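Analysis of the macromolecular model
The residues making up each chain are set out below.
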Amino acid sequence: MRRRRPLIINDFRSHALYDAEFDRRTSVESRAVMAVPLTSRGRVIGVVRLVNRQPGDSFSPGDQSLVTLLMEPAAIALENAILFKKMERLSVTDDLTGLHNVRYLNGFLYREIKRSRRYNLPVSVIFLDLDGFKTVNDRFGHLAGSQTLTEVGQVLRGTVREIDMVARYGGDEFVIILPQTGHRGAYVIAERIRNQIAESSYLGDMGLDLRLTASLGVASFPDKGRTRDELIHQADAAMYRVKESGKNGVLVAS
């Protein structure tokens, strides 16, 4: 790959590049090996490795020419697929925090509600807003504010379950979707999130020890909303009631 050229080693087991671990993991006895770089638009994006042409046979320059010819369009197709997946991922990812964005959130919650209707399961929404976040930007600058949001995102991902989905809704607002979870379970998880945010320290890389709190509202399907928009609205409204009553709390939609 470094030299950007094919390589044939027909007595591989006696070569310095031989790796017995590869043979052990694949249950293949590597005798002859040919490696061909995958080159797309002048850039090497990987290597295809062929092992053991036929029992007792060696790879030839003709084999190398054939595989190189076959791999030219394959490398371009592979890079296009990689780029497509990357763009697809970026289209549903928040640039700042690496969390999901609103586009992904809407589709995820729509599918979860549809599944919940079909199987008579609950699904809950937590709407989270950081308390007094504007003062972070005012005191330390927007760079510190952006870093704080990124660190909060990491706290959220580390606190929820694997089946849960975390999205940045906008600004310093986040939404967590809890599949197969009613309002009682959602309240427990929301309290855990609130505590974790309050107990964490932020901007340590900048030599600071910033502390934050958050206000959270909870709404569950089907009791507090039967559509995506209704659930988000009810959770958002519950969060605002927390703000009005002193912040740093959790409230289930009434």
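Residues numbered from 1 in each chain as written. Predicted model: local features only at pLDDT ≥ 70, side-chain atom pairs only at ≥ 80, totals over all residues. Heavy atoms only, no water.

The biggest cluster of nonpolar side chains holds 29 residues, and the ones touching the most others in it are I126, L128, L130, I193 and I197. Contributions of two or more residues to this core are made by β4 (123-130), α5 (142-159), β6 (173-179), α6 (183-199) and β7 (214-221). The residues contacting L130, other than those within four sequence positions of it, are L149, V152, D172, F174, I197, L212, T213, A214 and K243. In this structure, I113, F127, M165 and A235 belong to the second largest nonpolar core, which totals 19 residues. (Core = buried A, V, L, I, M, F, W, Y, C linked by side-chain atoms within 4.5 Å. Buried < 20%, exposed > 50% of the residue type's maximum accessible area, 1.4 Å probe, protein only. Helix = DSSP H or I, 4+ residues; strand = E, 2+ residues; numbered from the N terminus. Contact = heavy atoms within 4.5 Å.)

Counted by the stated rule, this structure contains three aromatic pairs. With centroids separated by 5.6 Å and ring planes inclined at 80°, the aromatic side chains of F12 and Y18 adopt a geometry described as edge-to-face. With a relative accessible area of 4%, F12 lands in the buried category. Residue Y18 is classed as partly exposed on the basis of its relative accessible area, which comes to 22%. (Phe/Tyr/Trp six-rings, centres within 6.5 Å; stacked < 30°, edge-to-face > 60°.)

Position of F221 relative to the elements: it lies in strand β7. Residue class for F221 comes out buried when judged on its relative accessible area of 4%. Taking the C-alpha atoms as reference, F221 lies 7.4 Å from I113; in sequence the two are 108 residues apart. Discounting residues that sit within four places of it in the chain, F221 has contacts with I113, S116, R117, L121, P122, V123, R226 and L231.

Time to look at the side chain of N52. Locating N52 in the fold gives a position in the loop between β3 (43-51) and α2 (61-91). Reaching out from N52, the side chain makes a polar contact with the backbone oxygen of E29 at a distance of 2.8 Å. (Polar contact = N/O pair within 3.5 Å; in protein donor to acceptor, adjacent residues only side chain to side chain.)

We now examine the pairing of strand β2 (residues 33-40). Look at any regular strand and the pattern is simple: side chains alternate between the two faces of the sheet. Summarising burial for β2: seven of the eight residues are buried, a large majority. In the sheet, strand β1 (residues 7-9) pairs with β2 via three bridges, with the strands oriented antiparallel. Bridge pairing in β2 links I8 to M34. Relative to β3, β2 runs antiparallel, the two sharing eight bridges. Following the sheet pairing, V36 is matched in β3 by V48. Taking the residues between adjacent antiparallel strands as the criterion, β2 and β3 are bridged by two residues, where R41 takes a positive phi near 55°. (Pairing = 2+ DSSP bridges.)

These figures come from the coordinates and say nothing about function on their own.
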